[in-house]
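Below, each chain spelled out in residue letters.
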Amino acid sequence: MVKFCEAYKLANDYFASENGVVYEARENADNWMFTGKYERPTYGTADVCVPKNGMEPVLFNSTD
């Protein structure tokens, strides 16, 4: 099982590579979901979903 601090680090590493940081974290029964905040305007950004069961993180668009 993936704990919040591990999931947060994975998401924050992704957002840092895009010049951003984790802005919001949400949880449901199966996943940790993270939204980023960027220093400069960006278009077409993705959110990060980290499954609690240890599967690979998934990028998704919140409009999907």
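Structure: see above.
**Considering the overall build of the protein chain**
Inference 1: Looking only at helices and strands, the protein chain features 1 helix and 4 strands.
Inference 2: In terms of overall size, the protein chain behaves like a compact globule, its C-alpha atoms giving a radius of gyration of 11 Å where 64 residues would be expected to give roughly 11 Å.
Inference 3: Burial status across the protein chain gives 31% buried among its 64 residues.
Inference 4: Looking at the protein chain alone, contacts between residues at least 24 apart form 25% of all its contacts between residues at least 6 apart.
Inference 5: For the protein chain, the exposed surface amounts to about 4500 Å²; the carbon and sulfur share of it is 53%.
Inference 6: One way to put it: in the protein chain the 6 positive side-chain charges average out to a point 5 Å from where the 10 negative ones average out.

**Observations regarding the environment of Val 2**
Inference 1: Along the chain, the position of Val 2 falls in the segment before helix 1 (4-17).
Inference 2: The exposure class of Val 2 is buried, given its relative accessible area of 14%.
Inference 3: Filtering out sequence-adjacent residues up to four positions away, Val 2 remains in contact with Ala 7, Trp 32, Val 50, Pro 51, Lys 52 and Gly 54.

**As for the side chain of Asn 31**
Inference 1: Here Asn 31 is to be found in strand 2 (residues 31-38).
Inference 2: For Asn 31, a relative accessible area of 18% translates into the label buried.
Inference 3: Setting aside anything within four residues of it in sequence, one finds Asn 31 in contact with Arg 26, Cys 49, Val 50, Pro 51 and Lys 52.

**Digging into the sheet that holds strand 2**
Inference 1: Reading across from one edge, 1-2-3-4 is the order of the 4 strands in this open sheet, with antiparallel pairing throughout. The open sheet has two edge strands, strand 1 (20-27) and strand 4 (58-60), and neither has a second partner. Along the sheet, successive strands turn relative to each other by an average axial angle of 30 degrees, direction set aside.
Inference 2: Examined bridge by bridge, strand 1 and strand 2 share 7 bridges and lie antiparallel to one another. Directly across from Ala 25, in strand 2, lies its bridge partner Phe 34.
Inference 3: Each of strand 1, strand 2, strand 3 (47-51) and strand 4 touches helix 1; the most contacted strand, strand 2, lies at about 35 degrees to it.

Rules used throughout
Residues numbered from 1 in each chain as written. Predicted model: local features only at pLDDT ≥ 70, side-chain atom pairs only at ≥ 80, totals over all residues. Heavy atoms only, no water. Helix = DSSP H or I, 4+ residues; strand = E, 2+ residues; numbered from the N terminus. Rg over C-alpha atoms; globule rule 2.2 N^0.38 Å. Buried < 20%, exposed > 50% of the residue type's maximum accessible area, 1.4 Å probe, protein only. Contact = heavy atoms within 4.5 Å. Areas by Shrake-Rupley, 256 points an atom, 1.4 Å probe, with all protein chains shown as cover. Lys, Arg positive; Asp, Glu negative; His and termini not counted. Charge placed at Lys NZ, Arg CZ, Asp CG, Glu CD. Pairing = 2+ DSSP bridges. Axes fitted to C-alpha atoms, helices over the stretch in contact; angles between N-to-C directions.

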